[in-house]
Amino acid sequence: MRILIDMDDVIANAVERFLEWYERDFGVRYTKEDLRGTKLHMIVPEEHRKIVKEYPHCEDFFKDLPVIEKSIEVVEELNNRFEVYIASAAMEFPYSLPHKTKWLDKHFPFIHWKRRIFCGDKSVLKGDILIDDHDFNLSVFDGRAIMFSSPHNLNDTKYERLDSWLDAEKLFDLK
Ligand SMILES: [Mg+2]
């Protein structure tokens, strides 16, 4: 069984970086609860919107992102049992490429480079399962599409859902 796993907001916490940079620049700390069903650029004052949307295009945005809780342990276990690929639509943010590679080397060294896909449109992916936080990636996938919960997608009811990597242990019967 081939399982494709997204990076941002599935194993790497990009939401946290948005909140951190916004606080650094504007002195206001929004919370994950504030982001329920939306994105940070939608709730900040209109004059800050463009700056927030630019964050992931900045050179260091993806550097040393926090790891999503329990993802290392559970993905390693999945990798021992199944054919696991990490698949990120990284081409949208060219500066992210070296940071994502280094980040995987550091936190997910068991994912061989042959099992890392940095792509553009994820509709090219072929596999049995895709775990991703975005509807626009899940909706074009042919196999079983599983939505990984992130504040922005909490109101979406179209997909099977994983609320955390702890839930994945149950879903894939790893314990
Ligand atoms: Mg993502």
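Residues numbered from 1 in each chain as written. Predicted model: local features only at pLDDT ≥ 70, side-chain atom pairs only at ≥ 80, totals over all residues. Heavy atoms only, no water.

What counts is decided by this rule: UniProt positions are given in the numbering used here, feature names are shortened, and annotations may be inferred rather than shown by experiment.
The name an unreviewed UniProt entry assigns to the chain is 5'(3')-deoxyribonucleotidase, from the organism Ginsengibacter hankyongi. One UniProt comment on the chain, placed under Sequence similarities (unreviewed entry), says "Belongs to the 5'(3')-deoxyribonucleotidase family."

## Concerning helix α1 (residues 14-26)
Note the following rule: Here a helix means four or more residues in a row that DSSP labels H or I, a strand means two or more in a row labelled E, and each is numbered from the N terminus. Expected helix span is given by 1.5 Å per residue-to-residue step, counting one fewer step than there are residues. The contact rule is simple, with two residues in contact once any of their heavy atoms fall within 4.5 Å. Within 3.5 Å is the distance limit for a polar contact, defined as a pair of N or O atoms, with the added protein rule that one can donate a hydrogen and the other accept it, and that residues adjacent in sequence qualify only through two side-chain atoms.
Compared with an ideal rise of 1.5 Å per residue, which puts 13 residues at 18 Å, α1 spans 18 Å between its outermost C-alpha atoms and is within 8% of the ideal. Against α2 (40-43) and α3 (49-54) lie the buried residues of α1. The N-cap residue of α1 is Asn13: its side-chain oxygen and the backbone nitrogen of Val15 are 3.5 Å apart. One or two steps after α1, the chain reaches Gly27, where phi turns positive at roughly 75°.

## Section: the coordination of the magnesium ion
How we decide: Each metal site lists N, O and S donors within 2.8 Å (3.2 Å for Na, K and Ca). With water left out of the atoms, a site can look as if it is missing ligands. Each residue gets one of three labels from its accessible area relative to the maximum for its type: buried under 20%, exposed over 50%, partly exposed in between, using a 1.4 Å probe on protein chains only.
Asp6 (OD), Asp8 (O) and Asp133 (OD) make up the full set of protein donors to the magnesium ion, lying at 2.0 to 2.2 Å. Donor residues binding the magnesium ion come from one chain and are separated in sequence as D-x1-D-x124-D. Side by side, Asp6 and Asp8 carry an identical accessibility label, which is buried.

## A short note on the domain arrangement of the chain
What counts is decided by this rule: Here the limits of each domain have been adopted from an automatic or database domain assignment. Here the quantity called buried area is the accessible surface, traced with a 1.4 Å probe, that two parts lose on coming together, added over both. What makes a salt bridge here is a side-chain nitrogen of Lys or Arg within 4 Å of a carboxyl oxygen of Asp or Glu, nothing more.
Segmentation of the chain into domains returns domain 1 (2-13 + 66-171) and domain 2 (14-57). Taking only C-alpha atoms, the centre of domain 1 and the centre of domain 2 are 22 Å apart. In this complex, domain 1 contributes 14 residues to the contact, which on the side of domain 2 involves 12 residues. Around 1100 Å² of area is buried between domain 1 and domain 2 when both sides are counted, 58% of it from carbon and sulfur atoms. Taken together, the links from domain 1 to domain 2 amount to zero salt bridges.

## Details of the pairing of strand β1 (residues 2-5)
To keep things clear, this is the line we draw: In this analysis, strands are considered paired if DSSP registers two or more bridges between them.
Two elements, β1 and strand β2 (residues 83-88), share four bridges in a ladder whose sense is parallel. Its bridge partner lying in β2, Ile3 is registered against Val84. Summarising the sheet, β1 and strand β4 (residues 129-132) pair through three bridges and their orientation is parallel. In the strand pairing of β4, Ile5 is matched with Ile131.

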